[in-house]
Amino acid sequence: MDQKANILIVEDDLVLRSGIEKLLRAQGFNVRNAENGFVALELMREQVPDLILSDIIMPVMNGYQFYHRVRSQEAWLWIPFIFITAKDEIGDVRYGRELGADDYIKKPFEPEDLLAAVLGKLERFDQLTQASKNTRPLIGNRSDMATLKPAIDSLSEREREVLMLICGGLSNAEIAGRLVIAVSTVKTHVASILAKLGVGNRTEAASLVLQVGLDILDD
């Protein structure tokens, strides 16, 4: 795994924010931090992070509001999002997961637990990227690219969102939670995506997109 991943910490507690930053920098990660969701969004417009760690209770823009703003941007749908919070009521945990957050870490936590969550989410995306490199190239020349562009253009907005999340390594159940739709609906979208792209499985679909870059889904 590339330890140079960019991680964004969103936490209003300066002591905790600094502690997490030191922990992650010691592991070789590039880290930026913000005291609330509003500042975090400004930082994301400058540099898109590979993973987000966010508190929930914050001034100006809380963690839930920040999460919704992040997920409203198609280009940011794939970013792993982990909530860090002192809120430990079952209902709060359930709500965070229903939103589609990738993980939920309760304070106080052990540094090893935080690192395990971060490394696990990044590893999953790296595995998908590596799989795409080991897959037979699906785009060999300009003719292939000319064929791909109309296929991508034929995808609906929702299918593009699903494909973006597939590229992020999410399972059908995780995509369903992220987009707040039924798993059966996700399966229908996946089947349509595979048919339109002319590939046989999710890995080939992700490989196809990753070979040319995720930006093609924003065109």
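Residues numbered from 1 in each chain as written. Predicted model: local features only at pLDDT ≥ 70, side-chain atom pairs only at ≥ 80, totals over all residues. Heavy atoms only, no water.

Across its full length, the chain carries ten helices and five strands. Relative to its 219 residues, the chain shows a buried fraction of 46%. Working note: accessible area of the chain is about 10,500 Å², and carbon and sulfur atoms make up 51% of it. (Helix = DSSP H or I, 4+ residues; strand = E, 2+ residues; numbered from the N terminus. Buried < 20%, exposed > 50% of the residue type's maximum accessible area, 1.4 Å probe, protein only. Areas by Shrake-Rupley, 256 points an atom, 1.4 Å probe, with all protein chains shown as cover.)

Here we take up the nonpolar core. Core analysis: the biggest nonpolar cluster contains 48 residues, and Ile52, Phe66, Phe83, Leu163 and Leu197 have the highest contact counts within it. Counting 18 residues, the second-largest nonpolar core is a separate cluster that includes Ile9, Ile20, Leu24 and Ala117. (Core = buried A, V, L, I, M, F, W, Y, C linked by side-chain atoms within 4.5 Å.)

Strands sit in the order 2-1-3-4-5 across an open sheet of five strands; the sheet is parallel. Edge positions in the sheet fall to strand 2 (30-34) and strand 5 (103-106), since each has one partner strand and no second. When strand polarity is set aside, the average angle formed by the axes of neighbouring strands in this sheet is 20°. Sheet topology places strand 1 (residues 6-10) next to strand 3 (residues 51-54); four bridges connect them, and they run parallel. In the sheet register, Ile9 faces strand 3, and the bridge partner there is Leu53. The strands touched by helix 3 (residues 63-71) within the sheet are strand 1, strand 3, strand 4 (81-85) and strand 5, with strand 4 carrying the most contacts at an inclination of about 175°. (Pairing = 2+ DSSP bridges. Axes fitted to C-alpha atoms, helices over the stretch in contact; angles between N-to-C directions. Contact = heavy atoms within 4.5 Å.)

Here we take up the environment of Met61. Along the chain, Met61 falls in the loop between strand 3 and helix 3. The buried category is assigned to Met61, whose relative accessible area is 7%. Taking C-alpha positions, Met61 is 9.6 Å from Ala40, a pair spaced 21 residues apart along the chain. When near neighbours in sequence (up to four residues on either side) are disregarded, Met61 contacts Asn36, Gly37, Phe38, Leu41, Phe66 and Arg69.

Quick look at the confidence of the model for the chain now. Looking at the chain, the pLDDT average stands at 82 and 79% of residues meet or exceed 70. Every residue in residues 135-144 is under pLDDT 50, and counting partners more than four places away or in other chains gives 16 contacts. (pLDDT = per-residue confidence, 0-100.)

Enumeration over the complete set of coordinates arrives at eight salt bridges. With a closest N to O distance of 2.9 Å, Glu21 and Arg25 form a salt bridge. With Glu21 and Arg25 both in helix 1 (residues 14-26) and four residues apart, the pair spans about one turn of that helix. Across the salt bridge formed by Arg32 and Glu46, the nearest N and O atoms sit 2.9 Å from each other. Taken together, the positions of Arg32 in strand 2 and Glu46 in helix 2 (residues 37-46) put the pair 14 residues apart, joining distant regions of the chain. Through salt bridges that share partners, Glu11, Asp55 and Lys107 make up one connected network. (Salt bridge = Lys/Arg side-chain N within 4 Å of Asp/Glu carboxyl O.)

Following the sequence through the fold, Asn36 ends up in the loop between strand 2 and helix 2. At 3.0 Å, the side chain of Asn36 forms a polar contact with the backbone nitrogen of Phe38. Of note is the side chain of Asn36, whose polar atom sits 2.9 Å from the backbone nitrogen of Val39. Among residues more than four places away in sequence, those in contact with Asn36 are Val10, Met58, Pro59, Val60 and Met61. (Polar contact = N/O pair within 3.5 Å; in protein donor to acceptor, adjacent residues only side chain to side chain.)

Turning to the packing of aromatic side chains, a few remarks are in order. Under the defined criterion, the tally for this structure stands at six aromatic pairs. Look at Phe66 and Phe81: their rings are 5.7 Å apart centre to centre, the planes differ by 45°, and that puts the pair in the tilted class. Taken together, the positions of Phe66 in helix 3 and Phe81 in strand 4 put the pair 15 residues apart, joining distant regions of the chain. Across this residue pair, the class does not change: Phe66 and Phe81 are buried. Put simply, the rings of Tyr64, Phe66, Tyr67, Phe81, Phe83 and Tyr104 touch in pairs and so form one group of aromatic residues. (Phe/Tyr/Trp six-rings, centres within 6.5 Å; stacked < 30°, edge-to-face > 60°.)

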